[in-house]
Amino acid sequence: MVRSNSGSGAAWTRRVAWAVLACVATTPAAWGADGKRPNIVVLITDDMGYADLGYHGNRDFPTPNIDALASSGTRFTNGYVSGLYCSPTRAGFLTGRYQQRFGHEWNPSGGRNLGLPLGEKTIADRLKAAGYATALVGKWHLGGDADHHPLRRGFDEFFGFLGGAHTYFAEKTENVYRGTEVVREKAYLTDAFAREAVDFIERRKGKAEPFFLEVAFNAVHTPMDADDERLARFSAIADPTRRTYAAMLTALDDAVGAIVAKLRAEGLEDDTLIAYFNDNGGPTMTGTTKNGSRNDPFRGSKRTSLEGGVRVPFLLSWKGTLPAGASYDKPVIQLDLLPTALAAAGVEVDPEWKLDGVNLLPFLTGAAAGAPHEALYWRMGPQAAVRKGDWKLVRYDSTVDTPGARSNAARARVTPFRLYNLARDPGESSDLSAENPEKVQELLAAYRAWNAQLAEPLWGPGAGEAAAKGD
């Protein structure tokens, strides 16, 4: 259920009314303020720890702008991503489908045809077909050749880089692009992404067509590059990696603030659905790209199927339409953002698209009861998990249980399946499988049924091997 600190009123009543209509309407409709189709802005952060935002309890450094965004809308206490690291999560978000269904199980490592499969339509494709102007600012990581370029995947505009990581001091590099042209970016890269996003909003204001803007920050992914001015603010943090991380996350928070402030200044807040999520848990294990992040209260890291790898900061804000200062406790996943955005835009979903995501709007307004998902699933090589209600069955990289051991995603040695009750044990510390054999079998059967529907990986471990479908 949604818990809200905001009061009720005529505006809220009107918004609940449209949500009820959205559930029963037989034809597409736009549900923005005054009947307008809303703009849609999706903000994605990279490798942030769950515990590293003020509204999640961080006191090492402030994150006022992301915290304000959380206060302006609904935050998801059980928000997940379908990938254990960068590229798979992005593939799932863009398609609204479990990325393992089309073989995008691992990060692409370069080369032709290693990227989001060309037969998959993206959220940008869907919204562009509905008359939206579309833009991507930031990190792509879904294929570096011409066929996989963002401008060929539904985006009208692109400013950013195509790979998985990038220096934040990019002036001397030749892999930051505006469209397909190399640019010599002099600004700190997070600031540059904020500038480009604000500029896009400036150019779109007053236009008849709505816009879709994805801002995929590489912050706070390594390399650990911080500008001197922000770094100087955190001299009291003793750990040098954590200090640099604080400066990098401050730049990110500033960027989020600049984008939201621009929407507000142009009178677009009521007409804009803003989504925010992080692409995976913070990288805290040896063998991952450690950046000083923290995943408290969860165990595990980026690149694991434990909660620390897949439960992330996750927000939706739509002033005057979604409740402000609310929290939603049922499990949701980044796959839900595509159908949610399409519903807001009045785009009817074709069953042939075979989406795994769910439109969250009626659940957030109270027009729909129950949970959006009966179960959520994860797979990356031998790592696997299923969550159903409060119960999670998970098989994870066993190096988590050996502090200091070096993880290797491609050759991970995994634990047996273990059972946890996340309501009582969010840190997944007490295996309940021996006491609950029937629950283990129930969840294992659900996982096996899902796993049987998946494709073999197109690249990486298990590519071309039928064994990848085993449980």
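Quick summary incoming for the structure in this document.

Calculation rules
- Residues numbered from 1 in each chain as written.
- Predicted model: local features only at pLDDT ≥ 70, side-chain atom pairs only at ≥ 80, totals over all residues.
- Heavy atoms only, no water.
- Helix = DSSP H or I, 4+ residues; strand = E, 2+ residues; numbered from the N terminus.
- Buried < 20%, exposed > 50% of the residue type's maximum accessible area, 1.4 Å probe, protein only.
- Contact = heavy atoms within 4.5 Å.
- Areas by Shrake-Rupley, 256 points an atom, 1.4 Å probe, with all protein chains shown as cover.
- Lys, Arg positive; Asp, Glu negative; His and termini not counted.
- Charge placed at Lys NZ, Arg CZ, Asp CG, Glu CD.
- Axes fitted to C-alpha atoms, helices over the stretch in contact; angles between N-to-C directions.
- Parallel < 35°, antiparallel > 145°, perpendicular 65-115°, else oblique.
- Nonpolar A, V, L, I, M, F, W, Y, C, P; charged D, E, K, R; others polar.
- Arc of directions from axis to C-beta.
- Pairing = 2+ DSSP bridges.
- Phe/Tyr/Trp six-rings, centres within 6.5 Å; stacked < 30°, edge-to-face > 60°.
- Lys NZ or Arg CZ within 6 Å of the ring centre and 35° of its normal.
- Core = buried A, V, L, I, M, F, W, Y, C linked by side-chain atoms within 4.5 Å.
- Polar contact = N/O pair within 3.5 Å; in protein donor to acceptor, adjacent residues only side chain to side chain.
- Salt bridge = Lys/Arg side-chain N within 4 Å of Asp/Glu carboxyl O.

### Quick word on the overall build of the chain
When helices and strands are tallied, the chain shows 11 helices and 17 strands. With the C-alpha coordinates of the chain rotated into their principal frame, the extents come out at 60 × 55 × 45 Å. Here the chain holds 471 residues, and 59% of them are scored as buried. Sequence-distant contacts, at least 24 apart, represent 69% of the contacts inside the chain between residues at least 6 apart. With the model as given, the accessible surface of the chain reaches about 17600 Å², and the carbon-plus-sulfur share is 50%. Put simply, the chain has 54 plus and 56 minus side-chain charges, and the middle of one group is 1 Å from the middle of the other.

### Quick look at the packing of helix α5 (residues 189-204) against helix α7 (residues 240-265)
Where α5 meets α7, the closest approach of the two axes is 9 Å, and the angle between their N-to-C directions is 10°. On the basis of the axis angle, α5 is roughly parallel to α7. Contacts between α5 and α7 involve Thr190, Ala194, Ala197, Val198, Ile201 and Glu202 on the former and, on the latter, Ala251, Leu252, Ala255, Ala258, Ile259, Lys262 and Leu263. When the residues that make up the contact of α5 with α7 are grouped by side-chain class, the tally is 10 nonpolar, one polar and two charged.

### Observations regarding helix α9 (residues 337-344)
Burial analysis of α9 places eight of its eight residues in the buried class, the great majority of the element. Along α9, the residues classified as buried are Leu337, Leu338, Pro339, Thr340, Ala341, Leu342, Ala343 and Ala344.

### Structural notes on helix α2 (residues 64-72)
All of the buried residues in α2 are Ile66, Asp67, Leu69 and Ala70. An end-on view of α2 places all buried positions within 155° of arc, on one side of the element. Where α2 is buried, its residues contact β2 (39-45), β3 (74-76), α7, β10 (272-278) and β11 (314-317).

### Here we look at the sheet that holds strand β15 (residues 383-388)
Pairing is antiparallel across the open sheet formed by four strands, whose spatial order is β14-β15-β16-β17. A strand with exactly one partner marks an edge of an open sheet, and here the two such strands are β14 (376-380) and β17 (418-421). Going from strand to strand, the sheet's axes swing by 10° on average, the running direction of each strand aside. Summarising the sheet, β14 and β15 pair through five bridges and their orientation is antiparallel.

### Some remarks on the packing of aromatic side chains
A full pass over the atoms with the stated rule returns 19 aromatic pairs. Measuring from centroid to centroid gives 5.2 Å for Tyr80 and Trp378, while their planes differ by 55°, and the two rings are tilted. Here Tyr80, found in strand β4 (residues 79-80), pairs with Trp378, found in strand β14; they are 298 residues apart in sequence, far enough to count as distant. In this structure Trp378 comes out as buried when scored by relative accessible area, which is 0%. Here the aromatic residues Phe76, Phe93, Phe277, Phe314 and Tyr328 are joined through ring pairs into a cluster of three or more. A cation sits over an aromatic face here: Arg126 above Trp353, 3.9 Å from the ring centre. Lying across the ring of Trp378, Lys392 places its NZ or CZ 5.7 Å from the centre.

### Focus: the pairing of strand β6 (residues 157-161)
With four of its five residues buried, β6 lies for the most part within the structure. Sheet topology note: the strand β5 (residues 133-139)/β6 ladder contains five bridges and is parallel. Of the residues in β6, the one forming a bridge with Leu136 is Phe158. Sheet topology note: the β6/strand β7 (residues 177-178) ladder contains two bridges and is antiparallel. Bridge pairing links Gly160 to Tyr177 in β7.

### So, the nonpolar core
Judged by nonpolar contacts, the single largest core of 51 residues is most densely connected at Leu43, Met48, Phe211 and Leu213. For this core, the secondary-structure elements that each account for two or more residues are β2, α2, β5, β6, α5, β9 (211-216), α7 and β10. Examining the composition of this core, we find that 12 residues originate from one element, α7, more than from any other. Contacts of Leu213, omitting those with residues within four sequence positions, involve Ile40, Val41, Val42, Ala135, Val137, Ala197, Phe200 and Ile201. Ranked by size, the runner-up nonpolar core spans 46 residues in total, among them Phe76, Phe93, Leu360 and Leu361.

### Topic: the side chain of Asn295
Note on placement: Asn295 falls in the loop between β10 and α8 (307-310). Residue Asn295 is classed as buried on the basis of its relative accessible area, which comes to 4%. A polar contact of 3.3 Å, which involves the side chain of Asn295, links it to the backbone oxygen of Gly300. Those residues in contact with Asn295 that lie beyond four places of it in its chain are Met48, Gly49, Tyr50, Ala51, Gly281, Gly282, Thr284, Gly300, Ser301 and Gly308.

### So, the pattern of salt bridges
Scanning the entire structure with this criterion turns up 39 salt bridges. For Arg184, the salt bridge identified is with Glu174, shortest N-O distance 2.9 Å. Taken together, the residues Arg184 in the loop between β8 (181-182) and α5 and Glu174 in the loop between β6 and β7 connect sequence positions 10 residues apart. A relative accessible area of 47% means that Arg184 is categorised as partly exposed. Asp401 is the salt-bridge partner of Arg418, the closest N and O atoms lying 3.2 Å from each other. Residue Arg418 is located in strand β17, and its partner Asp401 is located in the loop between β16 (391-395) and β17; the two are separated by 17 residues in the primary sequence. The class for Asp401 is partly exposed, based on a relative accessible area of 37%.

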